[in-house]
Amino acid sequence: MIYLDYQATTPIAPEVAKAMHPWIEEKFANPHSPSRWGHEADAAIEVARKQVEKAIGVKGGAVAFTGSATEALNWALKGTVEKAPKGRNRIITLATEHAAVLDTCEWLAGRGIDLTVLPVQPNGRLDLELLQRELDDRVLLVTVMMVNNEIGVTQPITDIARRAHEVGAVMLCDAVQGFGRMEISNDPDLIAVSAHKIHGPKGIGALWMRKGKEPAPVIHGGGQEQGLRSGTLSPALCVGFGAAAKLADERCTRDYDHVRKLWKAAVHALGPGWVINGCTECRYPGNLNIRREGVDAARLIADLRDIAFSLGSACASGSGRPSHVLRALGLDYRQTRSSIRLGFGRYTTQQELVDACHRIARAAVEQEKLDA
Ligand code: PLP
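The structure contained in this document is the topic of the report that follows. A quick note: this is a predicted structure, and the numbers were derived from the prediction, not measured. (Residues numbered from 1 in each chain as written. Predicted model: local features only at pLDDT ≥ 70, side-chain atom pairs only at ≥ 80, totals over all residues. Heavy atoms only, no water.)

A few points about the sheet that holds strand β9 (residues 275–276)
Here's step 1: Strand order in this open sheet of three strands is β9-β10-β12, and the pairing throughout is antiparallel. For this open sheet the edge positions go to β9 and β12 (339–343), each flanked by a neighbour on one side alone.
Here's step 2: Looking at chain direction, β9 and strand β10 (residues 287–291) are connected through two bridges and run antiparallel. Its bridge partner lying in β10, V275 is registered against R291.
Here's step 3: Across the face of the sheet, helix α7 (residues 235–270) comes into contact with β9 and β10 while running at roughly 20° to β10. (Pairing = 2+ DSSP bridges. Helix = DSSP H or I, 4+ residues; strand = E, 2+ residues; numbered from the N terminus. Contact = heavy atoms within 4.5 Å. Axes fitted to C-alpha atoms, helices over the stretch in contact; angles between N-to-C directions.)

Some points on empty space enclosed by the protein
Here's step 1: Across all of its chains, the model carries two cavities of 30 Å³ or more by this definition.
Here's step 2: Of the volumes computed, that of the largest cavity is approximately 130 Å³.
Here's step 3: Among the residues making up the lining of the largest cavity, the classes are represented as eight nonpolar, four polar and four charged.
Here's step 4: Roughly 40 Å³ of volume is contained in the second largest cavity.
Here's step 5: In terms of lining residues, the second largest cavity is bounded by T96, G124, M145, N148, I151, V153 and Q155.
Here's step 6: Grouping the constituent residues of the lining of the second largest cavity by class yields three nonpolar, four polar and no charged. (1 Å grid on protein atoms, 1.4 Å probe; cavity = no way out; pocket = protein on both sides within 12 Å on 5 of 7 lines; lining within 4 Å. Points joined across faces, edges and corners; volume = space filled by probe spheres on them. Nonpolar A, V, L, I, M, F, W, Y, C, P; charged D, E, K, R; others polar.)

Re the environment of A169
Here's step 1: Of note, A169 is situated in the loop between α6 (157–166) and β6 (170–174).
Here's step 2: Classification of A169 as buried rests on a relative accessible area of 2%.
Here's step 3: On a C-alpha basis, the gap between A169 and D189 in space is 9.6 Å, while along the polypeptide they are 20 residues apart. (Buried < 20%, exposed > 50% of the residue type's maximum accessible area, 1.4 Å probe, protein only.)

Section: the packing of aromatic side chains
Here's step 1: Considering all chains together, one arrives at four aromatic pairs under this definition.
Here's step 2: Summarising the aromatic geometry, the rings of F65 and F241 are spaced 6.1 Å apart at their centres and angled 55° between planes, so their arrangement reads as tilted. With F65 in strand β2 (residues 61–66) and F241 in helix α7, the pair connects residues that are 176 residues apart, well separated along the chain.
Here's step 3: With relative accessibility at 0%, the residue F65 sits in the buried group.
Here's step 4: On the basis of an interplanar angle of 50° and a centroid distance of 6.4 Å, the ring pair of Y256 and Y284 is categorised as tilted. Of this pair, Y256 sits in helix α7 while Y284 sits in the loop between β9 and β10, placing them 28 residues apart in sequence.
Here's step 5: Its relative accessible area of 21% is what places Y256 among the partly exposed residues.
Here's step 6: Using a relative accessible area of 6% as the deciding quantity, one classes Y284 as buried.
Here's step 7: An aromatic cluster is present here, built from F65, F179 and F241 joined pairwise through their rings.
Here's step 8: Just above the ring of W37 sits the side chain of R36; from NZ or CZ to the centre is 4.9 Å. (Phe/Tyr/Trp six-rings, centres within 6.5 Å; stacked < 30°, edge-to-face > 60°. Lys NZ or Arg CZ within 6 Å of the ring centre and 35° of its normal.)

Re the side chain of R292
Here's step 1: Here R292 is to be found in the loop between β10 and α8 (297–303).
Here's step 2: When its relative accessible area of 10% is taken as the criterion, R292 is described as buried.
Here's step 3: Among all residues touching R292, those that are not within four sequence positions of it are P272, G273, W274, S338, A364, V365 and E368.

Thoughts on the pattern of salt bridges
Here's step 1: If you walk through the whole model with that rule in mind, you get 23 salt bridges.
Here's step 2: Residue R90 is joined to E134 by a salt bridge in which the shortest nitrogen-to-oxygen separation is 2.9 Å. Of this pair, R90 sits in strand β3 (residues 90–94) while E134 sits in helix α5 (residues 128–134); the two residues are 44 residues apart in sequence, bridging distant segments of the chain.
Here's step 3: Of the charged contacts, one joins K369 and E366 as a salt bridge, the two residues approaching to 3.5 Å between their closest N and O atoms. Of this pair, K369 and E366 both sit in helix α12 (residues 350–371), three residues apart, which is roughly one turn of that helix.
Here's step 4: Counted as one network, the salt bridges with shared partners bring together R90, D114, E134, D136 and R138. (Salt bridge = Lys/Arg side-chain N within 4 Å of Asp/Glu carboxyl O.)

Quick notes on the site of the ligand
Here's step 1: Contacts to the ligand come from 13 residues, most closely from T70, D174, Q177, S194 and K197.
Here's step 2: The contact in question runs from an oxygen atom of the ligand to an N or O atom on the side chain of H98, over 3.5 Å.
Here's step 3: Notes on the ligand: free accessible area 390 Å², of which the protein chains cover 88%.
Here's step 4: Within the shell around the ligand, the residues separate by chemical class into four nonpolar, seven polar and two charged. (Near = heavy atom within 4 Å. Polar contact = N/O pair within 3.5 Å; in protein donor to acceptor, adjacent residues only side chain to side chain. Areas by Shrake-Rupley, 256 points an atom, 1.4 Å probe, with all protein chains shown as cover.)

Considerations on the sheet that holds β6
Here's step 1: Read from one edge of the open sheet, seven strands run β2-β8-β7-β6-β5-β3-β4, paired in mixed fashion. One side of each edge strand has no neighbouring strand; the edge strands of this open sheet are β2 and β4 (114–118). Going from strand to strand, the sheet's axes swing by 20° on average, the running direction of each strand aside.
Here's step 2: Here strand β5 (residues 139–145) pairs with β6 via five bridges, running parallel. Looking at the pairing, V142 lines up with M171 of β6.
Here's step 3: The strands that helix α3 (residues 69–82) touches are β2, β3, β5, β6, β7 (190–194) and β8 (205–210); relative to β7, the one it contacts most, it runs at about 160°.

Below you can see the structure in the form of structure tokens.
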């Protein structure tokens, strides 16, 4: 199989698997228990926490581990609303956000939050003037993602956070697709990340919180994470996340250069007839979302079973609904159905990517011939 679905998830790094192994096999103590073994597990978790914080690279706050980035985003949104000062009842977000943000915002809107979902420009970027016009002292929270999971387009997070702060709002950034791959802006108050997008294990994420901006708890119980989030932590998952974060931090530039070369090679190998969805400059280059007039993308995926690529987000692929992100760029229904996402990264070789692109291009031409 040629794996080109790096936005859905990434292969576990060998270093990560090795670091996790003892915590799965022998070291099973509860990290919150006072025994010597408990302390040992707790110490390993604290090392991992520091590794994740260093890789996030933003000063003035701390990380709490969660079960996923979805949980971190739910917590950030619901917990900030829970603590909202009187008179602040508005949330502003973008039409191209991940379902973990959009669906949570909609849920909050059903409970009285005044929600504004801003459109994006045809290249996928937010128009800052549009945001500026919406900002006032009733805004509680502005939530915008760093790198889009479907089209790879980046948003001007520093400018957005500064403008949000000018009216006293909290800025939440879903950095899941940017973390470990590009530098994170220093300015958000809350940052959600996930281990499995950086060659770590599934089932663990984190919320970085600026001191004083911590959301109210939404998961109650033993208060294991600084009294803010309850549930016994998994030392294996935390250690794996820490090892993945350390590796990503050390290899960030090397991985990025590799991915940039892959992007150029892929665009060249696909040849003419393809249109790139989203801004070609403001992006993470490990994501190539493309469309071709008349192609049935679902059929293309079915025809090329040994290449793992997708229609858009893993969540949207199963639903049969057209991608809300591509629709937000102004693509019509037919164009969304002719779009595919190729995602590549650290362990993708240029040869396999080029081979896959040649085969995808050939299969698309075959479809055209059959349909002619
Ligand atoms: N946000 C973005 C941009 C994502 O791509 C994803 C995962 O696909 C998530 C949030 C949710 O992350 P998790 O799988 O850790 O819940």
